[in-house]
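One-letter residues, chain by chain:
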Amino acid sequence: MQTIGKSDALKNYRTFYFVEKALHSDELIEFDASFKEKLEGMGFKEEAENPDFLVQSLKVSKDFVQEVGSYISDPSSSGTVTTPSVGYSDFIINSFEAGRLIFLIQDTKSNDIVWMGVGSGIFPKKEREKQLLTAQAIEAMLADFK
């Protein structure tokens, strides 16, 4: 986890609002809800009109597929073609999503970015694991606010 900015820069703030995006994914909406819950737990209040700061979120990721196992040549075709070996239990396809979850806090009066939190890693495919890992990442990002 990495944060940029000073937590004391937010000491005079009381209210926040999330910047709405038309193409927000369900997953990013869930991340925003976790971040909102943490902010409210720290005493901040969500307010749509004239908030002290705006929160923006972004997820940048890439899917990876890793294949590990035995390959054999297929002598029946012209040239050498490798195909996955059939019937071997050691052939594994590992699929995962790696990336970053970013939260920005912007002062509504000056428009300056006063804080940014970045969490990098693997996004688990299982929903429950993803929720737990996201909660831990957000907790780590906001640790300097306490």
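Remember, it's a predicted structure, so these values are computed and weren't measured experimentally.

**Here's the deal with the overall build of the protein chain**
Stage number 1. The helix and strand tally for the protein chain stands at two helices and eight strands.
Stage number 2. Each of the 146 residues in the protein chain was classed as buried or not, and the buried ones make up 29%.
Stage number 3. For the protein chain, the share of sequence-separated contacts (at least 6 apart) that also reach a separation of at least 24 residues comes to 72%.
Stage number 4. A total of about 9,400 Å² of accessible surface is found on the protein chain, and carbon and sulfur atoms cover 53% of it.

**Concerning the environment of S110**
Stage number 1. As for its position among the elements, S110 is in the loop between β7 (92-107) and β8 (113-123).
Stage number 2. Given the relative accessible area of 37%, S110 is considered partly exposed.
Stage number 3. It is 9.9 Å that separates the C-alpha atoms of S110 and F53, two residues lying 57 residues apart in sequence.

**Notes on unusual backbone geometry**
Stage number 1. One non-glycine residue, N50, lies in the positive phi region at around 55°.
Stage number 2. Checked against the element boundaries, N50 lands in the loop between β3 (45-46) and β4 (53-68).
Stage number 3. Since its relative accessible area comes to 69%, N50 is described here as exposed.
Stage number 4. At N111, a residue that is not glycine, the phi angle is positive and equals roughly 65°.
Stage number 5. Within the secondary structure, N111 sits in the loop between β7 and β8.
Stage number 6. Classification of N111 by relative accessible area gives exposed; the value is 51%.

**Description of the packing of aromatic side chains**
Stage number 1. As enumerated under the stated definition, the model contains seven aromatic pairs in all.
Stage number 2. Seen from their ring centres, F18 and F35 are 6.4 Å apart, and the 90° between their planes marks the pair as edge-to-face. Highlighted residues: F18 in strand β2 (residues 15-18) and F35 in helix α1 (residues 26-41), separated in sequence by 17 residues.
Stage number 3. Accessibility expressed as a relative area gives 0% for F35, which makes it buried.
Stage number 4. By way of ring pairs, the aromatic residues Y13, F16, F18, F35, F44, F53, F103 and W115 are connected into one cluster.

**Section: the nonpolar core**
Stage number 1. Of all hydrophobic cores here, the largest spans 20 residues; its most connected members are F35, F53, V55, F103 and W115.
Stage number 2. Mapped onto this core, the elements with two or more residues apiece are β2, α1, β4, β7, β8 and α2 (127-141).
Stage number 3. Sorting elements by how many residues they give to this core places α1 first, with four residues.

Analysis parameters
- Residues numbered from 1 in each chain as written.
- Predicted model: local features only at pLDDT ≥ 70, side-chain atom pairs only at ≥ 80, totals over all residues.
- Heavy atoms only, no water.
- Helix = DSSP H or I, 4+ residues; strand = E, 2+ residues; numbered from the N terminus.
- Buried < 20%, exposed > 50% of the residue type's maximum accessible area, 1.4 Å probe, protein only.
- Contact = heavy atoms within 4.5 Å.
- Areas by Shrake-Rupley, 256 points an atom, 1.4 Å probe, with all protein chains shown as cover.
- Phe/Tyr/Trp six-rings, centres within 6.5 Å; stacked < 30°, edge-to-face > 60°.
- Core = buried A, V, L, I, M, F, W, Y, C linked by side-chain atoms within 4.5 Å.

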